[in-house]
Structure formats: structure tokens, C-alpha cells
Number of protein chains: 2
Amino acid sequence: MAESWPFVDTFEPNFRPLVVIELAKGTKEETIEWFAKRIVDKKANGGAQLLVKPLVTESGGEHIYLVGASHLRLLLGAETVGLVKECSDNSMRTFTYSSRKTFKDFADDNHNFLTIAECQYIIKHELENLRAKDEKMIPGYPQAKLYPGKSIVRRLLTSGILVQIFPLHDREELKKLRHSWYGRVKVGYQPLDEIRCYFGETIALYFGFLEYFTFALIPMAVIGIPYYVFAWEDYDKYVMFATFNLLWSTVILEVWKRICAIMTYRWGTLLMKRQFEEPRPGFHGVLGINPVTGREEPVYSSIKRQIRIYLVSLPFVCLCLYFSLYVMMIYFDLEQWALDYHEANESNFSSLMLFVPSIIYAIVIEIMNRIYRYAAEFLTSWENHRLESSYQNHLILKVLVFNFLNCFASLFYIAFVLFDMKLLRQSLATLLITSQILNQFAESLLPYWLQKRHKERMKKRMCSLKTDTDLSLVEQVNLEKEMGTYFGTFDDYLELFLQFGYVSLFSCVYPLAAVFAVLNNITEIYSDALKMCRVYKRPFAEPTANIGVWQLAFETMSVISVVTNCILIGMSPQVNALFTDSKTDLILTVALVEHLVLAIKFIMAFLIPDKPRDIQIKLAKLEFESLEALKQQQMKLAAESLKE
Amino acid sequence: MAESWPFVDTFEPNFRPLVVIELAKGTKEETIEWFAKRIVDKKANGGAQLLVKPLVTESGGEHIYLVGASHLRLLLGAETVGLVKECSDNSMRTFTYSSRKTFKDFADDNHNFLTIAECQYIIKHELENLRAKDEKMIPGYPQAKLYPGKSIVRRLLTSGILVQIFPLHDREELKKLRHSWYGRVKVGYQPLDEIRCYFGETIALYFGFLEYFTFALIPMAVIGIPYYVFAWEDYDKYVMFATFNLLWSTVILEVWKRICAIMTYRWGTLLMKRQFEEPRPGFHGVLGINPVTGREEPVYSSIKRQIRIYLVSLPFVCLCLYFSLYVMMIYFDLEQWALDYHEANESNFSSLMLFVPSIIYAIVIEIMNRIYRYAAEFLTSWENHRLESSYQNHLILKVLVFNFLNCFASLFYIAFVLFDMKLLRQSLATLLITSQILNQFAESLLPYWLQKRHKERMKKRMCSLKTDTDLSLVEQVNLEKEMGTYFGTFDDYLELFLQFGYVSLFSCVYPLAAVFAVLNNITEIYSDALKMCRVYKRPFAEPTANIGVWQLAFETMSVISVVTNCILIGMSPQVNALFTDSKTDLILTVALVEHLVLAIKFIMAFLIPDKPRDIQIKLAKLEFESLEALKQQQMKLAAESLKE
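Because the structure is a prediction, the values reported are computed rather than measured.

Re the overall build of chain A
Okay, step 1: When helices and strands are tallied, chain A shows 20 helices and 10 strands.
Okay, step 2: Against the globule reference of 26 Å for 644 residues, chain A gives a C-alpha radius of gyration of 29 Å, in line with a compact fold.
Okay, step 3: Each principal axis of the C-alpha distribution contributes one length, and for chain A these read about 90 × 75 × 55 Å.
Okay, step 4: By the burial criterion, 52% of the 644 residues in chain A qualify as buried.
Okay, step 5: Taking the contacts inside chain A whose residues are at least 6 apart along the sequence as the reference set, 74% of them involve residues at least 24 apart.
Okay, step 6: For chain A, the accessible area works out to roughly 30600 Å², and carbon and sulfur atoms hold 64% of it.

What follows is the structure in C-alpha cells.
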């Protein structure tokens, strides 16, 4: 097949396959030829100037291509995407090809200057920025329209010709990473820098946050254990615990911002400039003039989108919320029924039965969350947002509101309407533990098992084929292309967010919550690591400087937890005993304390700098240098102009 | 004198005096010569390349110099300070000399392309950036040490050799501005664009805010009047008013951000890049290495500053707060005494006497505010902040906290401790009106009168002197150099901030507050305009993109006003009538409503974009263009590199 492409130099000596492109079966020959030509074509001709090599499989019929790039091409690509690397003087600077000699570990023959994840990110960026010139359609597919400037890869994806693009695993590196990550039993930190080198910043930051959050939970867990051991379970000793909770939830989020800045500075993403955001692949509209770029491209009326959001999505979300509350009421009926049953025929079985409604409800909550998640995705993509960031924000908002209500409404109801601390405790424990077990199972173990079975079948099939020198690569590609796709850190953060809710909102009535959260998170680190390394296709690295909207979500939760904890303190018998005369005084005092705590919280958030001092100085230094360079340039110009 | 300076070309044909430099009497000749040489010296030699002309006065002994610049020099300076001007295609762009032809109204002989205020700002910037090279001291003053990179003008100022630098008024422009601003009685907007051209963005933005705030108060005033006219004064009809107050205070601040963005986009300051901040003039320390710039310059240990802040300033502020509360208590004693007196001998006189304590207290508050202001300035400058912005933030924080407590503590005490709505109303009215009258008097009328008297004396003296062709300029400089200095918009914003407090915190018990505020602000516009045009020296223009920390201060006040208004609503007889059974329910309901309103407020602040859509698009367009240009450049480089 390759012989028919005179322009593809498949005998490039150092061709190293980095990214796999899978085209649909039966893709027309002319399309493939055109696409491959565009990929390898010179930059000056509007190509991506990458290397392509078809993967020769025995079965045939499959169109799989390996993409690589020359070392020089990758270095120039690193400049285009704006990578930030460490210089010889330990400062972080945006990489440019002309200043390449000043960077640490740079040598013209050092092919490890860029990590493989970075190379793959560069190739992905170059492929996505391969744009139509004067083509009106994809050759061979008249219905797949193109217009000047349209990303070819995105059109190929939306028209189904391109099945997938994914980066290849590097088996040796992966083995090393697995070993240092979860291969041996050890106490200590995760190898975050190695994870970042292999999977990119977004995923490394998630694991960093997970680890930080687990450590942050330990003081809570340590305080929680004696509550359990010494049977301080009479629900009135929790004032101290709630107070601690208040401080804790504020402090950990502020500290995280600083830790995050330290990490992302080291990784260079803190300094990376935001790239101009292109329309997301699914965005459609009629051709018009984009007011920002001045280019002809699909535009979609903002009013139409607003109508879809406010007249369809919003009512739908409200309906779902109503339904969730309705299910909650059924749960309370069940709970009452179980209680009646227990009272009528008291036995071991009946006291076990007391937990059944909670467990059923927890399972139902999980199912509803998952169904709603699909509905929210469908609706948000139907809203037709132009930018991925706007799509993500609307999706996250929809999902967060529903999940928050779905998970916590019953607890709020029990705490502040029924005032039943015993039930609250039991309900909280059941919800937390059940959801953790379900999550761990559905998220990692089940896919791992499915994948393992599939792999064995594949292996058997492979072994029956003849082998040649390249089989291991063919085998690897064939295995990896069937693996599931990792859809980003959304679900992982969501899980942590809900866990944070369980721990910070009500944990004072059930101090063991933090203990369970710590235990869950330790296994979560391992199961997530397993998931990343063995279950899913390798994801493309995504540079990122912070955990984005999740920081805001966690901060909002911590504000809500101040309110709930203050009310719980106010409801405690201890505090009530201080205000025997007047309930009004009690409520006023609680309200006053709550306002003070909230005020202190906001002042603290304002006063604690988001970046540690040394990072601030380093950033200021860079800014000063660039301003100074600009000034020098202007001075030179001025001196010349004034001489004339 | 000028003859002794061979390097000063005093016969520059188009010399237009823009800025006046006044040196101390008896400044040594060698110092003057050195300083003038540095000002006119070529950029390449480290000079400012400006024009200097001594002002020949009859009396002699005074060293006054006029500074100007060639047209070309000003254009290059405009690039250095990063001015943003309108292009021929109506977009706003950073001015560069090389792209000068693309700007609207640019022509090589159009000397009005830059406004005079901009020219003066450029000259100030160039003078301040005149830096020592290898001089170890100011020639003739061995005690005035210099080190490489130290701003010469700042050292001259701190060592008292340089008395002042100020920009000259442009009498013709000023006349036009005065006419369109306050010269004729008219209903309508202020000529903000003209104000901005003459006084710069900071001052124009203050007047813009003052105008906006006055318009925003009108709905409140309109609702307030019927309350007074129809004698709805039984303090229980104010629920509606308080509710309206809640919405109003949130909305106006959000809308202001958008209006501010529209204005500053038009003025170009929204797009101006922040310049690197130099140490403020008063900053001192031992010579060390600045970690950011790597230069040798004075450094001052942050720990020492923290000690000064927390061990001296903080206790002092607390002491002042305590003193202010003590004075408040004396006021309540007085109030009690007046009440007793009124009850004992009821007469017209005694009922007038009822208002006397409030008036005395209002005057005392004003006096305390002003004394504290000086103390705060002294303390903050003693804290030795390196940057002007940090100095300003600490000063504003100190002053705001004290003024807030000083002005509003008595009102809070009356409302929420004494529960005396009648006294609250009387106290609020007296405080508001007295402080407005005092402010108007102390701020504008008194200085105006003093200045007028001084001017007449000066004129008499002038007339007795012989006249020559340049006398009018000499006269002008001599008059202006004796005028007071305008110390920025701090006091003006502070006044508005306290007014906003009176209106939004408690106005529901005294709806006429908004009416008085509107009346005050209308006269305030005129008296502030008078102050700017006739009383003070022309200030240097300061580019600014927003009202800075005041936005935050007003927003904080509006949060506090939500709390007070909710409590006032809860205390109203109307609402109390709804909850006759249980006071607890009432308080819980109020707390719930308050939390809801605060939540809505924060969500609104989050949802309403800070910039209107068209400004967002324009900004995005600029960003896109610069990214596109960068990409093109990289593409060219890449194509070249890959060709090799």
C-alpha cells in the first residue's frame, strides 16, 4: 500500500511511531491518499510536515496509520504549542527554537529533551490544526463539506471517516511508571513528576489533588477514631469536631492553591499562555462571519442557544430535581416501613433490615446520577456550545446541581426537618460506604476485568497468526485500539467532590466518615492508577495550570459546610444547655457566629496569597525581563528615530 | 542663565511648555547644570532627550524650568508608556511609532494626535525614568546618594532639592472645558471624554462614577419622596423599601463594572498593559540585591515591615477604634441628657436641643476622621512599603475600617441594641446632612475662597512689576505653583463610600436619605469640578482601567447592607405580625431569606459578565490577531528551519 504514495518516506531511519490514526473500514483510497498527503506535506504548502507509515495488518481491510515526526519538527512544534521548559539557570521559559541552546538538557542529538507525552501532544495539536485550503469537501465524500480554515481532522471525525486518534503507550516507560507508582507496596508519595511525563499535566494534577486531599483528611480521621473507639457517640460531643471541621475545610482549599502553583510552575504549565480556542468538534451552524476572527465559519445564534438552555434544559433539570426529591420521599416511606417492621418483630434480621432502605436508596442514587449524567451530556451537546470550555462549564453546572441535591437532600431533610441525629448518622454512613463500594467497582474493577478477558481473547487470536519482526507493534496497536477511552477527569473529580460533601457537611455526627474517606482514597489511588495504566487507551496529555472550575465547586461546598456545621453546633444539646432561658438568643448567637466565620473565611481567602512567595518572585522576574527586553527594543528604536 | 548651557537649545522653534519644574531656592549651580544636561541629553547617553527652558522671573532667586519635547520625542514616548489609541478601522491598538500611519487622525504635522494630558504624562514618565548611571551622589549634595538605576527625580524630591513638578494648565482648553462642564446651567451628562482629555482617566473615571452613582440613586430617591410626602413614617411600611434596597445595591455595582469597561475601552486604558512598578519615592532601605530585577537597590526586610504592621499599626488602629466607640458612648450620654432636659422643660428650644447632640457628634466624627487620616498616612508611610500599590492598599484598609466604624457604629448600636427606630432615623438624618455640609465646605468652598484671595494678592503684586512679552506665561506659572496640590481621588471616593453606606444600610428607616444624597451629589459634581479647574494645580493624568479597590469596598458594603436590611425587615411590626406565635420561626425565616439573598447576589455577580458582549468580542479579536501574528512568525521560522 505504501508504495502507492511516492511522497511518504516510509524508510525514514528514525521513525518512531507516536500516534495511531484509525480510519473507518472501506474508506475510499482517494480520501486516504489526500489525507496522508496533507499530513506529510510541507508547512509552506499548508501541510503538517509529519511522518506517516501504514500499519500492515494480516487481516487487511483495516486502515491504521502510525504518525511520527522528525526531531526538528517536534522542536518547532514545541514552540508552536508554547511549551515551557527549564533553562540552564533553573528558570522556566517558553521554549523557542532559536533559544534552544539555553535550555537544560538540550542537545541536538538528545531525543529525550521532549517527553513522549509532549511529542504526542504536539502531533495532536498539529493534526488538529491541519486546515482546509480551497477544498470544498473531503475528496470522495461530497456530503462532508469543508471551508477554508476548517480543521480537517475534526471534519473527518464528525463525518465518521476517522474512527479515532490515540497516542501509543510506551511499554518500557509504562512498566517503569507502574513499578514506581503501584508496583511495590510502600508508604510515600506518588511519583507525580513521572505521571506528568507519561500522562500529562491534567491527569498528574488530578492524582496530585487526590493525594493532597487524602493527606488533608488524615487529621479529621485521626480525630474521628477516638470518637468511635471511646464510644463518644451520644451526638452531643461534636461541637469540638464541628469547629475543627470549619477551620479545616477553609484551610485545605487555600493551601491546595499554593501547592498547585508550586507543581504547575515546576511543570511549566503555570506560565503557558492560553491558546486561542477553536470551535469544538460537535459545533454546527450556518456559515457566517465570526466577529472575532473575521473568518467564514459556522455561526449559531446566541439567542437560539439561550432558548434551548432556558426553555428546555432548565425545565428538564428542574424536573429531574423534582423526581430526585420524589424518590427521596419514597425512601423515607421505606425507612418508616422498616422501622415499623423492626418494632413489630424485633430480631437480628429486622435490625439488619433497618439498613436495607438506605442501601437501596444509595444504589438508586448512584443509578440516577449515572443516567442523569448521560442526559446532561446529551442536552449540553444539543445546546450547541461553540467552545469546549463553555460546553464543559454548562455540563459541570448541570451535573453538580443535580448530584448535590440527589446525594445530600435526604441528609439535609433528616438533619434540619426531622432533627433525627441517629437516622442522619445511619443514613450518612450507608450512603457514603455504599457509594464508595459501587464507584470503585464500576469505575476500575469491572472495566479491568472486561479488558483482561478481551486481551486474552485477542492474544489467542494473535498467536494463531504468523509472526514477523514488527508483530509486537502490530499486536500492541491492535490491543490498544480496542481499549476503552478515558473521557477525562470529570467523574473522578465529581467523586471527590461528593466525598468532600459527605465529610465536611455532616461528618460531625459521624466522625468515622473521614476514616472511610481516607481508606477509600488510598484504594482509589491504586485503582485509578490501574485504570490509567491498564484499562484505558493512553490519553493525550493536556497542559493545565490548575484544577479549574473544581476549585470553585469545592470552595462553594466549604461555604455550605460552614452553614450546616454552625446549625449542627446550634442544635447540639451541649450548646442548648447554655441557652436554657431563651431559644431566640441561641439562634441569634448561632447566626452571629456563622456570619463571623463566613467573614473570616472570605478575609482569609483574600489575605492568603494564591502563590507562594518564591513562585511570585520567579513570575515577577520573568515579567520584568520581558518588559525590560521590550524597553531595550524601544530605546534602540527611539535612538535610531531621533538620530534621523 | 541659559547662555551658560551650551547644550540647551532654548531657541527650539516650536517649544511648548508642558511641565514645570521648581527647584529649591539656593540650589547649587552645578546641580542645576547637571540635572538640565541629563534631561536634554540623548537617549543613547542615558538622558531623557526632552527640552528645557529656564523661566526668567524678575524677582530672581527662584529656579523654575519649563520642560517640553519635540513632537517625535513625544510619539516615541507614547510607545514607551504603552498608550492605546484608536486606529483608522475603529479598533483600539497599542501605539507604536512604526505603525503610526494606521492610527486615526495621525499625521506627521498633527500635533493634536496626543492630548496635552498625554504629553504631560509622557514627560512625567520620562523624567521619573531618568536614572543614575555611575554617579554616586547628586553633584553638589554629597548626602544625596545615588546608585546605578536610581530614579534621579525621586532622589531630588526626597532630598528636597526638587520642590515640585507639575503640568501646566492650558488656559484655552480649560476655558472650553469649564464652559461645557459647569459653565452653563443644563440638564445632562458631564463631558467625560473632555474631562479625560484634560485631566486623565483616573479623574474622569471618578466623575463618571459620581455621575453614575447619582443616577443610580434617583430611583431610590423617587421611591423615598412619597414616603415623606404621604407621611408613611410609622416605620412599619418599610419592608418594600428594604427589599428594593437589596436588589438595587446589588444591581448597580454589577452594571457599573460594565459601564466602566465601555468607558475605559473607548479611552484605551482597558487594553493598556501594566507597567513594571518601581519602588515608591519614600521607600528606603539598605542596599541589597532585588530578587526580581537582580539589580542593586535598597531592600527592606519583609519581617521588619510585618512587625511594624502587626505590633504597632494594628494596636494603634484598635486603640483608635476603641476611642471612637468611647466617643460614641459619650454621645449616647449627651443624647440621654438632651432627652431628659426636653422632658423636664418642654419648649421649642428644648425640642431643638434634641438635635444638638447628633450635630455635635457628626462634627466630632468628621474631625476624628480627618485626624485619623493623617495618622494613618504617617503610619503607613512609616511601614515603609516598597510599592505605591501596597502602600495604597494598606492605607485604604486602615482608613476604611476606622471610618466605617466611626460613622456607622452608633447607627448599628441604635438599631440592633437599643431597637429605637425613631432615634435611628433622627441620628441618621443628622449625621448624613451634617457630614455632607461639612464636606462640601471643607473640600471645595473653603479652598476656593482661600485661593481666590491669594490670587488677588498675587495679581496686585504682578501688576506692579514691569511687563514683557512672556509675562502671561510667567504670571501663569507663578500663580499655578502656589496653588494647592490635588492628592488624588481617595477622599472623594471615601465620601461616596460613606454616603453609599448611609443610603444602603439603613435608608429604609429614613427614605429621604437617598433624596439628600442625590442633592448632595449634584452640588458635589459642580464643587468637585470647580475644585479641579480653579483651586488645585493641574494633576498629572494617570491611566487607569477601573476604580480599583473601591469596587471591592462598595461590594463589601452592599453585602453588609443585605444583612442589615434583612434584620430591619425582620424587626418590622408588619413582619412580626405574621409570626405572632413564635419568635423563633421569625428569626429562622429571616436568616433563611438572608442566606438566599446572599446566594442570589453571589450567583448574580458570577453570572453577569463584567464586560459587555461587544467589548468582549473586541478584546477577543485583538487577542486572536496577536496570536495569529505570532503563529505566522513561527510558521515562517519553521518553514525556514525545515528547509535547511
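Having seen the model, we can carry on.
Some words on the domain arrangement of chain A
All names here are of chain A.
Okay, step 1: As assigned here, chain A comprises domain 1 (19–168) and domain 2 (181–272 + 295–300 + 386–414 + 421–611).
Okay, step 2: Using only C-alpha atoms to locate each centre, domain 1 and domain 2 end up separated by 35 Å.
Okay, step 3: Each side of the interface is counted separately: domain 1 has 31 residues, and domain 2 has 29 residues.
Okay, step 4: Across the domain 1 to domain 2 interface the summed buried area is about 2500 Å²; carbon plus sulfur atoms make up 65%.
Okay, step 5: Applying the counting rule to domain 1 against domain 2 returns 3 salt bridges.
Okay, step 6: Among the ionic pairs, Lys481 bridges to Glu22, the shortest N-O distance being 3.9 Å.
Okay, step 7: One can count 6 residue pairs in polar contact (both at pLDDT 80 or more) joining domain 1 with domain 2.

Re the pattern of salt bridges
Okay, step 1: The final tally for this structure, using the stated rule, is 62 salt bridges over all chains.
Okay, step 2: A salt bridge links Asp89 of chain B to Arg93 of chain B, with the nearest nitrogen and oxygen atoms 3.6 Å apart.
Okay, step 3: We note a salt bridge from Arg154 of chain B to Glu128 of chain B, for which the minimum N-O separation is 3.7 Å. Here Glu128 of chain B lies in helix H3 (residues 116–128) and Arg154 of chain B lies in helix H4 (residues 152–158), a separation of 26 residues in the sequence.
Okay, step 4: The buried category is assigned to Arg154 of chain B, whose relative accessible area is 16%.
Okay, step 5: Ionic contacts of the salt-bridge type, sharing partners, join the residues Lys85, Glu118, Arg196 and Glu201 of chain A into one network.

Brief notes about the relation of the copies chain B and chain A
Okay, step 1: Taken as rigid bodies, chain B and chain A are interconverted by a rotation of 180° and an axial shift of 0.1 Å, the fit giving an RMSD of 0.0 Å. Such a combination of turn and shift is consistent with a two-fold rotation axis. Rotation axis and chain B: the residue whose C-alpha lies nearest the axis is Thr584 of chain B, separated from it by 2.8 Å.
Okay, step 2: Interface overlap between copies is the fraction of interface residues in one copy that are interface residues in the other; for chain B against chain A it reaches 100%, indicating a shared surface.

Brief notes about the pairing of strand E7 (residues 141–145) of chain A
Residue and element names in this part refer to chain A.
Okay, step 1: Note that strand E6 (residues 137–138) and E7 share 2 bridges and pair antiparallel. When the bridges of E7 are listed, Met137 appears paired with Lys145.
Okay, step 2: Adjacent in sequence and paired antiparallel, E6 and E7 are bridged by 2 residues, among which Gly140 carries a positive phi angle near 95°.

With respect to the packing of aromatic side chains
Okay, step 1: This model, assessed by the stated rule, comprises 78 aromatic pairs over all chains.
Okay, step 2: The interplanar angle of 50° and the centroid separation of 6.2 Å between the aromatic rings of Phe404 of chain A and Phe412 of chain A together place this pair among those described as tilted.
Okay, step 3: Of the residues examined, Phe404 of chain A reaches a relative accessible area of 19% and is grouped as buried.
Okay, step 4: The ring of Tyr141 of chain B carries the charged tip of Lys28 of chain B above its face, separated from the ring centre by 5.0 Å.

Quick word on the UniProt feature "transmembrane region" (unreviewed entry) in chain A
All names here are of chain A.
Okay, step 1: Per the UniProt record, "transmembrane region" (unreviewed entry) is found at residues 212–232, 238–256, 309–332, 352–372, 395–416, 496–519 and 586–608.
Okay, step 2: A helix fraction of 100% and a strand fraction of 0% characterise residues 309–332, whose end C-alpha atoms lie 33 Å from each other.
Okay, step 3: In residues 352–372, the share of helix is 90% and the share of strand is 0%. The end C-alpha atoms are 31 Å apart.

Things to note about the interface of chain B and chain A
Accessible area lost during the coming together of the parts is what is often quoted as the interface size.
Okay, step 1: Facing the 39 residues of chain B at the interface are 39 residues of chain A.
Okay, step 2: Of the roughly 3900 Å² buried where chain B meets chain A, counting both sides, 69% is carbon and sulfur surface.
Okay, step 3: In this structure, the salt-bridge partner of Arg295 of chain B is Glu628 of chain A, at a minimum N-O distance of 3.0 Å.
Okay, step 4: Our count for the chain B to chain A interface comes out at 4 residue pairs in polar contact (both at pLDDT 80 or more).
Okay, step 5: Breaking the side of chain B that touches chain A down by element, the ones donating at least two residues are helix H2 (71–81), helix H17 (549–571), helix H19 (583–607) and helix H20 (613–643) of chain B.
Okay, step 6: With 14 residues, the single largest contributor to the side of chain B that touches chain A is H20 of chain B.
Okay, step 7: Class assignment for the residues of the side of chain B that touches chain A results in 19 nonpolar, 9 polar and 11 charged.

Digging into the sheet that holds strand E1 (residues 19–23) of chain B
The strands making up a sheet are joined through hydrogen bonds of the backbone, oriented either antiparallel or parallel.
Residues and elements named next belong to chain B.
Okay, step 1: Strand order in this open sheet of 4 strands is E2-E3-E1-E8, and the pairing throughout is antiparallel. At either margin of the open sheet sits one strand with a lone partner, and together these are strand E2 (51–54) and strand E8 (162–167). With strand direction ignored, the average angle separating the axes of adjacent strands in the sheet is 20°.
Okay, step 2: The pairing of E2 with strand E3 (residues 63–68) spans 4 bridges and is classified as antiparallel. Across the sheet, Pro54 pairs through a bridge with Tyr65, a residue of E3.
Okay, step 3: Most of the contacts of helix H1 (residues 29–40) go to E1, to which it runs at about 160°, and overall it touches E1, E2 and E3.
Okay, step 4: Relative to the sheet, H3 contacts E1, E3 and E8, its axis offset from that of E1 by approximately 40°.

Parameters at a glance
- Residues numbered from 1 in each chain as written.
- Chains lettered and ligands numbered in written order.
- Predicted model: local features only at pLDDT ≥ 70, side-chain atom pairs only at ≥ 80, totals over all residues.
- Heavy atoms only, no water.
- Helix = DSSP H or I, 4+ residues; strand = E, 2+ residues; numbered from the N terminus.
- Rg over C-alpha atoms; globule rule 2.2 N^0.38 Å.
- Buried < 20%, exposed > 50% of the residue type's maximum accessible area, 1.4 Å probe, protein only.
- Contact = heavy atoms within 4.5 Å.
- Areas by Shrake-Rupley, 256 points an atom, 1.4 Å probe, with all protein chains shown as cover.
- Domains from an automatic or database assignment.
- Buried area = accessible area lost by both parts, 1.4 Å probe.
- Salt bridge = Lys/Arg side-chain N within 4 Å of Asp/Glu carboxyl O.
- Polar contact = N/O pair within 3.5 Å; in protein donor to acceptor, adjacent residues only side chain to side chain.
- Least-squares fit on C-alpha atoms with pLDDT ≥ 70 in both.
- Pairing = 2+ DSSP bridges.
- Phe/Tyr/Trp six-rings, centres within 6.5 Å; stacked < 30°, edge-to-face > 60°.
- Lys NZ or Arg CZ within 6 Å of the ring centre and 35° of its normal.
- UniProt positions renumbered as here; feature names shortened; annotations may be inferred.
- Nonpolar A, V, L, I, M, F, W, Y, C, P; charged D, E, K, R; others polar.
- Axes fitted to C-alpha atoms, helices over the stretch in contact; angles between N-to-C directions.

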